[in-house]
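Letter by letter, the chains look like this.
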Amino acid sequence: MNNSLININEIKEGALQLRKILLMYESALKEMETKINIISQEFELLYKYNPIEHIKTRIKTPESIVKKLRKKGLEVTYKNLINEINDVAGIRIICSFIPDIYRMVEMFEQTPDVKIIRKKDYIKNPKPSGYSSYHLIVLVPVSFSKGMTNVKVEIQIRTIAMDFWASLEHKIKYKYDERLPKNISKELIDCSRIVNKLDKKMSSLGNKLIEEFDMEQNKKTKNKKHIMKF
Ligand code: 0O2
């Protein structure tokens, strides 16, 4: 056993630094969650159609942060955590139909205080695993007593079907400690194709609903800006 003396001040200092970082990410998530909830309620009120089924937020676990830094070949430091890990704060938006996902992306592009720094379309280009979703990395301004900080948040936008596949695949992968036997990987890829087909079919059935919504939206908004006027 290591018999060196415990330095209580060092422990306190480390704990405070970690709490400050977590507060920064938790606050950014709250800001984003509030913005998305407002958009969702506005859609419901103005168009009687809400593209958002539900949202989930999470802060990445310390184990997952350390694993990701090591995978990237980086030292486990607070600096690397902030600069190199884009998804410490994550928000997942579950939409009804595929076109709703692109509508959400468009909306974030038009939100003045959310700066998109990266976009990844895993719907048009699914991952080899079969994973599909739309990812955005955004900077959200958060005000603290000593000024404003832009905090990185990852937004994953997907349909219910994409979420169903990703959640179960994640569970199965976790069970195998990410070393999936080949036959299971193949089955999962097949399942993702079925899910994708189902998604496209449901989206074409939902087209009428979406077309009516688009007409209403065009009537009610000017310059494609989603601002409620009082
Ligand atoms: P968890 O549990 O969500 O924390 P980057 O440094 O940003 O370039 P990164 O983060 O690997 O690299 O980017 P990517 O691949 O765009 O997004 C990673 C996240 O997308 C994952 O986070 C998952 O949430 C999700 N994801 C990506 N590929 C898959 C997949 O094959 N299956 C499932 N179920 N989800 C996937 P984490 O950190 O891996 O996990």
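Quick note: structure is the one above.
Residues numbered from 1 in each chain as written. Predicted model: local features only at pLDDT ≥ 70, side-chain atom pairs only at ≥ 80, totals over all residues. Heavy atoms only, no water.

Points about the pairing of strand 2 (residues 89-95)
Part 1 of the reasoning: Among the 7 residues of strand 2, 6 are classified as buried, and the element is accordingly described as predominantly covered.
Part 2 of the reasoning: Summarising the sheet, strand 1 (residues 52-59) and strand 2 pair through 7 bridges and their orientation is antiparallel. Within the sheet, the bridge partner assigned to H54 lies in strand 2 and is I94.
Part 3 of the reasoning: One ladder, built from 6 bridges, connects strand 2 with strand 5 (residues 147-159); its direction is parallel. Opposite I93, over in strand 5, you have I157 as the bridge partner. (Buried < 20%, exposed > 50% of the residue type's maximum accessible area, 1.4 Å probe, protein only. Helix = DSSP H or I, 4+ residues; strand = E, 2+ residues; numbered from the N terminus. Pairing = 2+ DSSP bridges.)

Focus: the sheet that holds strand 2
Part 1 of the reasoning: The 5 strands are arranged 1-2-5-4-3 in an open sheet whose pairing can be described as mixed. Unpaired on one side and paired on the other, strand 1 and strand 3 (115-121) mark the two borders of the sheet. Across the sheet, the axes of successive neighbouring strands diverge by a mean angle of 25°, strand direction being ignored.
Part 2 of the reasoning: Each of strand 1, strand 2 and strand 5 touches helix 5 (residues 160-175); the most contacted strand, strand 5, lies at about 95° to it. (Axes fitted to C-alpha atoms, helices over the stretch in contact; angles between N-to-C directions. Contact = heavy atoms within 4.5 Å.)

Concerning the site of the ligand
Part 1 of the reasoning: Residues in close proximity to the ligand total 20 residues, the closest being K60, K68, K72, R118 and K127.
Part 2 of the reasoning: Here D87 contributes a side-chain N or O atom positioned 3.4 Å from an oxygen atom of the ligand.
Part 3 of the reasoning: Here a nitrogen atom of the ligand and a backbone polar atom of A166 are 3.1 Å apart.
Part 4 of the reasoning: Sorting elements by how many residues they give to the shell around the ligand places helix 5 first, with 4 residues. (Near = heavy atom within 4 Å. Polar contact = N/O pair within 3.5 Å; in protein donor to acceptor, adjacent residues only side chain to side chain.)

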